[in-house]
Amino acid sequence: MSDTTLAVRRFTPEAVSGPPVLLLHGFASDGHTDWITTGWPSVLTAAGRAVLVPDLPGHGSSPAPADAPTAKSITAELAGLVDGLSEVDVVGYSLGARLAWELPVQAPVRRLVLAGLSPVEPFGAVDLDAALAFAGGGKPPSDPLTAMIARMITAPGRNPGALARCVEGLRQEPFAPAPGVISVPARFVAGTEDPVSQGIDQLTALVPGSDLIRVPGDHGGALRSPEFKTTTLDFLR
C-alpha cells in the first residue's frame, strides 16, 4: 500500500472470508468516535473482514492540513491507502459517504455503502469568518447552518482551524452527483428522522441497481443503530 499521512487503525480477523472494509467517518468526527466506539471493527472482523479506519485530514489523529484539502485530494489519499488490494468494500457516513461516492473510479471498490448522505453540498453557504470568530470566543453566528458548523468545529478535542480549512477546501469542489459515476453495487442508508439525508432517494436514482434502506434515528442515532450494522453486513456478504 502507498504511504499516507492519514492516521489509520487496522483490525485483522482470525480467518478471512472477504475483502477488507474501509470505514470513512463524518465531518468533525474521527474514526474512533464514529466506528470504533460503536463496535464496527469487532462486528466486521467476526464476519471475517479486515478493517481499515482512517482519520480524515484535520480530523482525529491525522495531521492538520497545511492547505485546504479538496475532495479530490482526500479521495486520492484514500485510494492510496488501499493501493495494492485487489478488492475493498467501502462504508461511508455523512462526509465519509460524500467522499466514498468518488472512490470507485479511483480504487478497486467491490461494494459501496453510502449512509447519512446529503444530496446537496452543505459547506458552500457557511460563513467561515463567523465560525472562526465564534471559535475564538466571539458570539454565536446568526446563520443556523454556520452556527451548527461552528459548534461542530469547537467540540471538545477538535481543531477548529484545521476543520475550517477542510470546509474551505471541500467547498472548492461542491458535491455534484451525476449518473454513471458509480457502477458497483451500492446501498444507501438513511435515518428515518435524519434531516441531513433528506432527498437521498434522488441519489439512489442515479445509481442503477442500488437500493435505499431506512433505519431508525436522526443523523447521530442512525449511525449508532443496530439496524445500520445489520443491513450493511447483509449487503457486504
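Source: prediction; values computed, not measured. Once a new chain begins, its residue numbering starts again from 1 and follows that chain's sequence as written. Note on the predicted model: pLDDT of at least 70 is required for a residue's local features to be given, and 80 or more for side-chain atom pairs to be given and counted; whole-chain, interface and lining totals, by contrast, use all residues. Only heavy atoms go into the side-chain values, all of them from the structure, while hydrogens and water stay out.

A. Seen up close, the packing of aromatic side chains. Between rings of Phe, Tyr and Trp, where Trp is taken as its six-membered ring, a pair exists when centres lie within 6.5 Å; planes separated by under 30 degrees are stacked, by over 60 edge-to-face, and by other angles tilted. Here the structure, examined in full by the defined rule, presents seven aromatic pairs. Measuring from ring centre to ring centre gives 5.8 Å for Tyr93 and Phe228, while their planes differ by 50 degrees; the resulting arrangement is tilted. Taken together, the residues Tyr93 in strand E4 (residues 88–93) and Phe228 in helix H10 (residues 226–236) connect sequence positions 135 residues apart. As far as the burial class goes, Tyr93 and Phe228 line up, both buried. Each ring, one from Trp101 and one from Phe188, has its centre 6.4 Å from the other, and the planes form 55 degrees; the classification is tilted. Separated by 87 residues along the polypeptide, Trp101 in the loop between helix H4 (95–100) and strand E5 (109–115) and Phe188 in strand E6 (residues 186–191) bring together distant segments of the chain. For the pair Trp101 and Phe188, one class covers both residues: buried. Two thresholds decide whether a charge sits over a ring: the Lys NZ or Arg CZ must be within 6 Å of the ring centre and within 35 degrees of the ring normal. Between the NZ or CZ atom of Arg111 and the centre of the ring of Phe235, over which it lies, the distance is 4.8 Å. Comment: elements are numbered from the N terminus, with helices defined as DSSP H or I runs of at least four residues and strands as E runs of at least two. Exposure classes here rest on a 1.4 Å probe applied to the protein chains alone. A residue is buried below 20% of its type maximum, exposed above 50%, and partly exposed in between.

B. Expanded view of the packing of helix H5 (residues 128–135) against helix H6 (residues 144–153). Axis definition: a line fitted to C-alpha atoms, limited for helices to the stretch in contact. Angles are taken between N-to-C directions and run from 0 to 180 degrees. At a minimum axis separation of 9 Å, H5 and H6 run at an interaxial angle of 45 degrees. Taken as axis vectors, H5 and H6 run oblique relative to one another. H5 and H6 meet at a crossing whose hand is right-handed. Where H5 abuts H6, its residues Ala130, Ala131 and Phe134 lie against Thr146, Ala150, Arg151 and Ile153. Following the grouping adopted for this structure description, the nonpolar residues are Ala, Val, Leu, Ile, Met, Phe, Trp, Tyr, Cys and Pro, the charged ones are Asp, Glu, Lys and Arg, and the polar ones are all others, Gly among them. Classifying every residue of the contact of H5 with H6 by side-chain character gives five nonpolar, one polar and one charged. Just so you know how the angles are binned, under 35 degrees is roughly parallel, over 145 roughly antiparallel, 65 to 115 roughly perpendicular, and the rest oblique. Each helix crossing is assigned a hand: it is left-handed if the near helix lies turned anticlockwise from the far helix by less than a right angle, otherwise right-handed if that turn is clockwise. Throughout, a residue-residue contact means that at least one pair of heavy atoms, one from each residue, lies within 4.5 Å.

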